[in-house]
Amino acid sequence: SDVCSSDLKAFLAFCIEIVLLRMGTPQYEKVVSKLEKDYKTHIPECDKNPEALKRVLQEIFGDAYGDILNEIKEEIGDVGSKKYYTDFIFAMTQ
């Protein structure tokens with residue numbers, strides 16, 4: 001049985017949040033508020049607008065952006081071969 005899209009979405013948001021919280025609560029909160037302020041969006045909606053998340057992460061973390069993206073990839077793990085996740089990661093690397 002295929003996983004419903006809301007599960008995919010929830011898992012992606014969870015992975016992103018875990019990685020950002022590992023960077024520290026202030027950084028996580030910075031990302032959340034910048035997404036809201038600059039793009040009127042939230043982490044769970046970033047599957048529809050990966051560019052917004054990418055820009056916010058690059059602004060906040062600079063050169064560490066690549067490391068964060070890799071951590072998100074690792075967090076997603078084996079299910080990462082699902083098109084939903086590979087499309088998202090691809091958008092984040094453009």
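Cut-offs and rules
- Residues numbered from 1 in each chain as written.
- Predicted model: local features only at pLDDT ≥ 70, side-chain atom pairs only at ≥ 80, totals over all residues.
- Heavy atoms only, no water.
- Helix = DSSP H or I, 4+ residues; strand = E, 2+ residues; numbered from the N terminus.
- Contact = heavy atoms within 4.5 Å.
- Expected span 1.5 Å × (residues − 1).
- Buried < 20%, exposed > 50% of the residue type's maximum accessible area, 1.4 Å probe, protein only.
- Phe/Tyr/Trp six-rings, centres within 6.5 Å; stacked < 30°, edge-to-face > 60°.
- Axes fitted to C-alpha atoms, helices over the stretch in contact; angles between N-to-C directions.
- Parallel < 35°, antiparallel > 145°, perpendicular 65-115°, else oblique.
- Left-handed = near helix turned anticlockwise from the far one by under 90°.
- Core = buried A, V, L, I, M, F, W, Y, C linked by side-chain atoms within 4.5 Å.

1. As for the side chain of Thr-41
Secondary-structure assignment places Thr-41 in the loop between α2 (25-39) and α3 (50-61). The residues contacting Thr-41, other than those within four sequence positions of it, are Leu-35, Glu-36 and Ala-52.

2. Notes on α3
With 12 residues, α3 should cover 16 Å at 1.5 Å per step; its first-to-last C-alpha distance of 16 Å lies within 8% of that length. Of the residues making up α3, those classed as buried are Pro-50, Ala-52, Leu-53, Lys-54, Val-56, Leu-57 and Phe-61. Packed against the buried residues of α3 are α1 (5-23), α2, α4 (65-76) and α5 (83-93). Gly-62 sits one or two residues past α3 and shows a positive phi near 55°.

3. Observations concerning the packing of aromatic side chains
Evaluation of the coordinates by the stated rule reveals two aromatic pairs. Both rings, one in Phe-11 and one in Tyr-85, keep their centres 5.9 Å apart while their planes meet at 85°; by these two values the pair is edge-to-face. You can see Phe-11 sitting in helix α1 and its partner Tyr-85 sitting in helix α5, a full 74 residues away along the chain. Note on Tyr-85: relative accessible area 2%, which makes it buried. Both rings, one in Tyr-84 and one in Tyr-85, keep their centres 5.1 Å apart while their planes meet at 85°; by these two values the pair is edge-to-face. Put simply, the rings of Phe-11, Tyr-84 and Tyr-85 pair up and form one aromatic cluster.

4. Regarding the packing of α3 against α5
At their nearest, the axes of α3 and α5 sit 9 Å apart, and the two run at 45° to each other. The orientation of α3 with respect to α5, classified from their angle, is oblique. For α3 against α5, the interelement crossing comes out right-handed. Here α3 contributes Pro-50, Glu-51, Leu-53, Lys-54 and Leu-57 to the contact with α5, which in turn contributes Phe-88, Ala-91, Met-92 and Thr-93.

5. Here we look at the nonpolar core
With 26 residues, the main nonpolar core has Ile-16, Leu-20, Val-31, Leu-35, Leu-53, Leu-57 and Phe-88 as its most contacted residues. Counting residues per element, the ones that place at least two in this core are α1, α2, α3, α4 and α5. Per element, the largest residue contribution to this core is seven residues, and it comes from α1. In this structure, Val-31 is in contact with Leu-20, Leu-53, Val-56, Leu-57, Ile-60 and Phe-61, ignoring residues within four places of it in sequence.

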